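Architecture and fold: a report
Listed below are the residues making up each chain.
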Amino acid sequence: MKTDLTDTTSSKINKALVLGRRAIGTPAVGMVLTLVIVTDEENAYDALKAANEASREHPSRTLVVIKRVSRTPRDRAQARLDAEVRLGADASTGETVVLRLYGEVVDHAQSVVLPLLLPDAPVVVWWPVNAPSDPANDPLGALAQRRVTDTYAAEQPIQELTARADAYTPGDTDLSWTRITPWRSMLAAALDQVACEVTSAEVEGEEFNPSVELLAMWLADRLKVPVRRSKSGGPGLTSVRMETNAGPIVLDRPDGSLATLSIQGQPDRAVALKRRDTAELIAEELRRLDPDDTYATALRFGLERLDEAAATTAPETVVDTVVETVVEDVVETVEEKAPAPKPAPKKAPAKKAAAK
């Protein structure tokens, strides 16, 4: 069931929700939280589709806030709110309200969203793209107990991680961190199988992927060892190698679907480690609404410290320097000990044949 409201208010939207629930025969409210999605028109469809799939596990009221761009000063002076209310089969197991804000109301989105929040229920705000630099101090982020961003969608993902670390507030999280949950679980399980001490590690993945940096910082922080970050063609994370005193432990996923876990002295094992879609990531984030201290610790480890550790463990640079030095010493020693070459004997001039 869909209801379109043009130039409306929050109170009229609430009335449409009540009337819609009565019309479809479910007057009771069975939602467990309010999910606020702040996005643009281009990414609204994909974000709403992921939220509807996640609502099968977490029935929620989904408020999609779309801030429309006003082209002229006249349009910017005219404030207007359009809404689309979806219930029943059109909203999966919850309720969906698509809010389109025009003009001056764009700067006061929290005033529109606040009356539509479920009473006595947690609030989660998700920015699929264009997240604020400080989500906790954003007017909409201040309404939420959990704030979800995605640095992978940023124009400069690696620099965005530094900004997230500087502005971190308990309750912040990122889908780039959620993507590496299976990797962290698998690596922790692998270390539980072997009594060993990790001496160094290497994380390999595609360039400009913040998940690779977060996994490297998590390993460096937890294991207290230098971690090297290597680039590959992807997709996403491709390999993690941990050097131990009992032999290397390698988790390799070259195709983005099936991984191979290799432990010294044990047969290789195939592990299902496929890349998850956005709906699975959002569903995982909605399972826990308390602050993620592990994410905070890994995020605050710092990319600069990771770079220093990478320089310490990069073997090829050291090897090349040593080889060049050894080659130069050998050449100099050979040149000193080798006898000087004797001058070539002069050839006698050839005699001219006597003329007959």
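Residues numbered from 1 in each chain as written. Predicted model: local features only at pLDDT ≥ 70, side-chain atom pairs only at ≥ 80, totals over all residues. Heavy atoms only, no water.

**Examining the overall build of the protein**
Of regular secondary structure, the protein possesses 12 helices and 14 strands. Per-residue burial for the protein yields a buried fraction of 46% across its 356 residues. Sequence separation of 24 or more characterises 71% of the internal contacts of the protein that already satisfy a separation of 6 or more. (Helix = DSSP H or I, 4+ residues; strand = E, 2+ residues; numbered from the N terminus. Buried < 20%, exposed > 50% of the residue type's maximum accessible area, 1.4 Å probe, protein only. Contact = heavy atoms within 4.5 Å.)

**Digging into the environment of Leu-251**
Looking at the secondary structure, you find Leu-251 in strand β12 (residues 249–252). C-alpha separation for the pair Leu-251 and Ile-263, spaced 12 residues apart in sequence, amounts to 8.9 Å. Ignoring any residue separated from it by four or fewer positions in sequence, one finds Leu-251 in contact with Trp-183, Met-186, Leu-187, Thr-238, Ser-239, Val-240, Ala-259, Thr-260, Leu-261 and Leu-273.

**Description of the packing of helix α5 (residues 157–166) against helix α8 (residues 210–223)**
The geometry of α5 relative to α8 is characterised by a closest axis approach of 9 Å and an angle of 50° between their N-to-C directions. What the angle tells us is that α5 and α8 run oblique. Contact with α5, carried on its side by Pro-157, Ile-158 and Leu-161, involves Pro-210, Glu-213 and Leu-214 of α8 and no other residues of that element. Of the residues in the contact of α5 with α8, the class split is five nonpolar, no polar and one charged. (Axes fitted to C-alpha atoms, helices over the stretch in contact; angles between N-to-C directions. Parallel < 35°, antiparallel > 145°, perpendicular 65-115°, else oblique. Nonpolar A, V, L, I, M, F, W, Y, C, P; charged D, E, K, R; others polar.)

**Notes on the sheet that holds strand β10 (residues 227–232)**
Read from one edge to the other, the open sheet built from six strands follows the order β10-β9-β11-β12-β13-β14, with strand pairing classed as mixed. In this open sheet, the two strands that pair with only one neighbour each are β10 and β14 (269–272). Within the sheet, the average angular offset between the axes of one strand and its neighbour, ignoring direction, is 15°. Across six bridges, the pairing between strand β9 (residues 198–206) and β10 is parallel. (Pairing = 2+ DSSP bridges.)

**Focus: the nonpolar core**
Of all hydrophobic cores here, the largest spans 39 residues; its most connected members are Val-203, Leu-215 and Val-227. Among the elements that line this core, the one with the most residues is α8, at eight residues. What Leu-215 contacts, discounting residues up to four positions off in sequence, is Ile-180, Trp-183, Arg-184, Leu-187, Val-203, Leu-237 and Val-240. Judged by nonpolar contacts, the second largest core, of 27 residues, contains Ala-16, Val-85, Val-105 and Leu-116. (Core = buried A, V, L, I, M, F, W, Y, C linked by side-chain atoms within 4.5 Å.)

**Remarks on the pairing of strand β4 (residues 80–86)**
A regular strand carries its side chains on alternate faces of the sheet. Among the seven residues in β4, six count as buried, and that is most of the element. Bridge analysis of strand β1 (residues 2–5) against β4 gives four bridges, and the strand direction is antiparallel. Bridging across to β4, Thr-3 finds its partner in Val-85. Judged from the seven bridges that link them, β4 and strand β5 (residues 95–102) form a sheet pairing that is antiparallel. Along β5, the bridge assignment pairs Asp-82 with Arg-100.

**Thoughts on the confidence of the model for the protein**
As a general rule, the predicted coordinates of low-pLDDT regions are not to be interpreted in detail. For the protein, mean pLDDT is 83; residues scoring 70 or higher make up 84% of the total. Considering each helix and strand of the protein separately, the mean pLDDT is smallest for helix α12 (residues 315–337), with a value of 40, and largest for strand β6 (residues 123–126), with 96. Segment residues 309–356: pLDDT under 50, and 12 contacts once partners within four positions in sequence are set aside and those in other chains are kept. (pLDDT = per-residue confidence, 0-100.)

**Some details on the side chain of Glu-84**
Within the fold, Glu-84 resides in strand β4. A distance of 2.9 Å separates polar atoms of two side chains, one belonging to Glu-84 and the other to Arg-86. (Polar contact = N/O pair within 3.5 Å; in protein donor to acceptor, adjacent residues only side chain to side chain.)

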